[in-house]
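A look at the structure
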Amino acid sequence: MVKITYSDGKYIDKAGGVTYLSAGVSYEPVSVGEEYAEYNKTVLYRIGFLNPKEWLTEKYEGIGSIYYSEDLKLPEFGEFEAVKILICAVDVITISINTVEDKADINAVAELYLNGEQTELPIDGRNSYHLKFASDKYPGIYYNILYVEGRDGRNFLFDRDTKRCVEAGKALEKYLWNEGDTGES
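Predicted, not measured: the structure shown is a model, and the values here were computed from it.

Scoring rules and cut-offs
Residues numbered from 1 in each chain as written. Predicted model: local features only at pLDDT ≥ 70, side-chain atom pairs only at ≥ 80, totals over all residues. Heavy atoms only, no water. Helix = DSSP H or I, 4+ residues; strand = E, 2+ residues; numbered from the N terminus. Buried < 20%, exposed > 50% of the residue type's maximum accessible area, 1.4 Å probe, protein only. Contact = heavy atoms within 4.5 Å. Lys, Arg positive; Asp, Glu negative; His and termini not counted. Charge placed at Lys NZ, Arg CZ, Asp CG, Glu CD. pLDDT = per-residue confidence, 0-100. Core = buried A, V, L, I, M, F, W, Y, C linked by side-chain atoms within 4.5 Å. Pairing = 2+ DSSP bridges. Salt bridge = Lys/Arg side-chain N within 4 Å of Asp/Glu carboxyl O. Axes fitted to C-alpha atoms, helices over the stretch in contact; angles between N-to-C directions. Phe/Tyr/Trp six-rings, centres within 6.5 Å; stacked < 30°, edge-to-face > 60°.

As a further point, take the overall build of the protein chain. Helix and strand counts for the protein chain come out as one helix and 14 strands. Summarising its shape, the C-alpha atoms of the protein chain cover approximately 55 × 35 × 30 Å along the three principal directions. A total of 185 residues make up the protein chain; the buried ones form 40% of that total. In the protein chain, the share of contacts with a sequence separation of at least 24, taken over all contacts with a separation of at least 6, comes to 54%. Here the protein chain holds 20 positive side-chain charges and 32 negative ones, and the gap between their average locations is 4 Å.

Below you can see the structure in the form of structure tokens.
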């Protein structure tokens, strides 16, 4: 197993000549693969088929970190070019409750997030979901933005890394159950 050390905010594989940086919480692995490296007593894993000299992850169960080579540029949301959104509920485990694959709907959500007017996230949200954006351009990682339903009927998109918050309107309404809905037709 590769041994990694820590110095000046960087994780270093001296033998392999790789220096890793920690990605923010908006980045998640699509899958956790085989053990690859160890930092102190923390095991780091491959991310699916991605090159471990570029991407690693901690064991991921709703929380954890992704590490990426400092030779890479971590994609911002606007560069991600999502092709799918997994709408996930998080409690003790993460469960995908629906998938958005319609390109127009994906683009509408991305457009709202990128160009919507900055606002404050309400502290009294009724429900929140994790929107996991999947990309062919960046396979193996998700970009995760929170979707928060406010008690006043307004909905919000919130990026925990950038702290950007915008109103989401009704962009995802047809993909989510409404209060009192049993999910049956």
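Let us look at the confidence of the model for the protein chain. Averaged over the protein chain, the pLDDT score is 90; the fraction of residues at 70 or greater is 94%. Under a pLDDT of 50 for its full length, residues 179-185 has, in the predicted model, three contacts with residues more than four places off or in other chains.

Attention shifts here to the nonpolar core. In terms of nonpolar packing, the biggest core is built from 32 residues, with I87, L131, F133, L157 and L172 touching the most fellow members. Looking at this core, the elements that each hand over two or more residues are β8 (66-69), β9 (82-90), α1 (103-115), β11 (125-135) and β12 (141-150). Filtering out sequence-adjacent residues up to four positions away, L172 remains in contact with I87, V100, V109, L131 and Y147.

On to the pairing of strand β5 (residues 35-39). As judged from the three bridges shared by strand β1 (residues 2-7) and β5, these two strands associate in the parallel manner. What sits directly across from I4, in β5, is Y39. Sheet analysis places β5 next to strand β6 (residues 42-45), joined by four bridges and oriented antiparallel. Bridging from a neighbouring strand, E38 pairs with V43 of β6. Counting the residues in the hairpin turn of β5 and β6 gives two residues, including N40, whose phi is positive at 55 degrees.

What follows is about the pattern of salt bridges. Per the counting criterion, the structure on display carries nine salt bridges. We note a salt bridge from E79 to K73, for which the minimum N-O separation is 3.0 Å. Residue K137 is joined to E81 by a salt bridge in which the shortest nitrogen-to-oxygen separation is 3.3 Å. Of this pair, K137 sits in the loop between β11 and β12 while E81 sits in the loop between β8 and β9, placing them 56 residues apart in sequence.

Here the focus is the sheet that holds β5. Strands sit in the order β1-β2-β3-β8-β7-β6-β5 around a closed barrel of seven strands; the barrel is mixed. Ignoring strand direction, the axes of neighbouring strands in this sheet form an average angle of 35 degrees. Strand direction decides the pairing type here: β1 and strand β2 (residues 10-13), joined by three bridges, are antiparallel. Its bridge partner being in β2, Y6 is matched across the sheet by Y11.

Attention shifts here to the packing of aromatic side chains. Scanning the entire structure with this criterion turns up 12 aromatic pairs. With a centroid separation of 5.2 Å and 90 degrees between ring planes, the pair formed by Y11 and Y39 is classed as edge-to-face. Here Y11, found in strand β2, pairs with Y39, found in strand β5; they are 28 residues apart in sequence, far enough to count as distant. Taking relative accessible area as the criterion, Y39 reaches 21% and is therefore assigned partly exposed.

As a further point, take the pairing of strand β13 (residues 155-158). Residues of β13 alternate between two faces, with N155 and L157 on one and F156 and F158 on the opposite face, all of them buried. With four bridges connecting them, β12 and β13 associate as antiparallel partners. In the strand pairing of β13, Y147 is matched with L157. Counting the residues between successive antiparallel strands, the hairpin from β12 to β13 contains four residues, one of them, G153, with a positive phi of roughly 95 degrees. Between the end of β13 and the start of strand β14 (residues 165-167), which pair antiparallel, lie six residues, with K163 showing a positive phi angle near 65 degrees.

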